[in-house]
Amino acid sequence: MRDFFDRAVHPTPDRPLRTLTYVPMLELLDELRRADFSVLIVTGGGTEFVRAVSQQLYGVPPEAVAGSLIDYDFLPTSDGSGPRLVRASRLVGPANEGAAKVTHIQTQLGRRPILAAGNSGGDREMLEWAAAGEGPTLALLVDHDDGDREFAYTSTAETFAEPEPITQVGARLGWTVVSMARDWETVFDGSGTGTTP
């Protein structure tokens, strides 16, 4: 995965993938760390995939990443070389979206968030769960509405159909909905694509 990220280029902005982390997201992570928060990544993507680059891209250690889990097969050998662990092509449980994301947070990380940020219908239950906690909480929804500096689209869950666009859910439930177009001065770091003049 590290090798892939070292050489992969996104075809639309024609930039290396490793340069496409959102500047406001990194700024938020820095502020949370300054306030002594634990910063964790909860993703619908593969846990191992994100763990391979989480420290480099976000300053988040691999053990603080919860995602979709890929199964392994333990294979004994008869030639004396010792057993092997082989990555399988099946998931352990459901993909990390919707209600599964909440149960995976509990089973993989062990605590309820007081601040959760998401961008798709696959994050709805996680945001609802964080917002329903005791004391001050924050459910933060990023709206990908900037077709000039990123892409304009409504993020959706990958593994199930949603009855209502997540931006409408966020507005209705009183979450903090952040517009990339209106609220972010910079989207990506560096000159060229993703920065405002």
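Calculation rules
- Residues numbered from 1 in each chain as written.
- Predicted model: local features only at pLDDT ≥ 70, side-chain atom pairs only at ≥ 80, totals over all residues.
- Heavy atoms only, no water.
- Helix = DSSP H or I, 4+ residues; strand = E, 2+ residues; numbered from the N terminus.
- Buried < 20%, exposed > 50% of the residue type's maximum accessible area, 1.4 Å probe, protein only.
- Contact = heavy atoms within 4.5 Å.
- Areas by Shrake-Rupley, 256 points an atom, 1.4 Å probe, with all protein chains shown as cover.
- Lys, Arg positive; Asp, Glu negative; His and termini not counted.
- Charge placed at Lys NZ, Arg CZ, Asp CG, Glu CD.
- Pairing = 2+ DSSP bridges.
- Axes fitted to C-alpha atoms, helices over the stretch in contact; angles between N-to-C directions.
- Polar contact = N/O pair within 3.5 Å; in protein donor to acceptor, adjacent residues only side chain to side chain.
- 1 Å grid on protein atoms, 1.4 Å probe; cavity = no way out; pocket = protein on both sides within 12 Å on 5 of 7 lines; lining within 4 Å.
- Points joined across faces, edges and corners; volume = space filled by probe spheres on them.
- Nonpolar A, V, L, I, M, F, W, Y, C, P; charged D, E, K, R; others polar.
- Parallel < 35°, antiparallel > 145°, perpendicular 65-115°, else oblique.
- Left-handed = near helix turned anticlockwise from the far one by under 90°.

A. A look at the overall build of the chain. Along the chain, the regular secondary structure elements total seven helices and nine strands. Judged by the C-alpha coordinates and their principal axes, the chain covers about 65 × 40 × 35 Å. Here the chain, with 197 residues, has 37% of them falling under the buried criterion. Of the contacts made within the chain by residues no fewer than 6 positions apart, 54% connect residues no fewer than 24 positions apart. Summed over its atoms, the accessible surface of the chain is roughly 11,300 Å², and 53% of this surface lies on carbon and sulfur atoms. Computed over 17 positive and 28 negative side-chain charges, the inter-centroid distance for the chain is 4 Å.

B. Spotlight on unusual backbone geometry. Here Asp14, not a glycine, exhibits a phi torsion of approximately 55 degrees, which is positive. Its relative accessible area of 61% is what places Asp14 among the exposed residues. Here the phi dihedral of Asp36 falls at roughly 70 degrees; this positive angle occurs in a residue that is not glycine. Locating Asp36 in the fold gives a position in the loop between helix H2 (23–34) and strand S3 (41–46). Look at Asp36 and you get exposed, because its relative accessible area is 69%.

C. Quick peek at the sheet that holds strand S8 (residues 138–143). What the three strands build is an open sheet, ordered S7-S8-S9; its pairing is parallel. The sheet is open, and its two borders are formed by strand S7 (115–118) and strand S9 (176–179), each paired with just one other strand. Taking each pair of neighbouring strands and ignoring which way they run, the sheet shows an average axis angle of 20 degrees. With four bridges connecting them, S8 and S9 associate as parallel partners. Bridge pairing in S9 places Leu141 opposite Val177. This element, helix H6 (residues 166–173), spans S8 and S9 of the sheet and lies at about 145 degrees to S8.

D. Region of interest: the side chain of Ser68. In this fold, Ser68 is placed in strand S4 (residues 65–68). Separated by 2.7 Å, the side chain of Ser68 and the backbone oxygen of Gly44 make a polar contact. Once you skip the residues sitting within four places of it in the chain, Ser68 turns out to touch Thr43, Gly44, Gly45, Gly46, Thr47, Leu91, Ala95 and Asn96.

E. View of empty space enclosed by the protein. In the structure shown here, the tally under the stated rule is one cavity of 30 Å³ or more. A volume near 30 Å³ is recorded for the largest cavity. What lines the largest cavity is Asn119, Val142, Asp143, His144, Tyr153, Thr154, Ser155, Ile166 and Thr167. Contributing elements (two or more residues each) for the lining of the largest cavity: S8 and H6. A class-by-class count of the residues in the lining of the largest cavity yields three nonpolar, five polar and one charged.

F. Examining the packing of helix H4 (residues 99–109) against helix H5 (residues 124–131) more closely. For the pair H4 and H5, interaxial distance at closest approach is 6 Å and the crossing angle is 55 degrees. By the angle class used here, H4 and H5 are oblique. Considering how the two elements wind past one another, H4 and H5 form a crossing that is right-handed. The segment H4 lies against H5, with Ala99, Lys101, Val102, Ile105 and Gln106 engaging Glu125, Met126 and Trp129. Of the residues in the contact of H4 with H5, the class split is five nonpolar, one polar and two charged.

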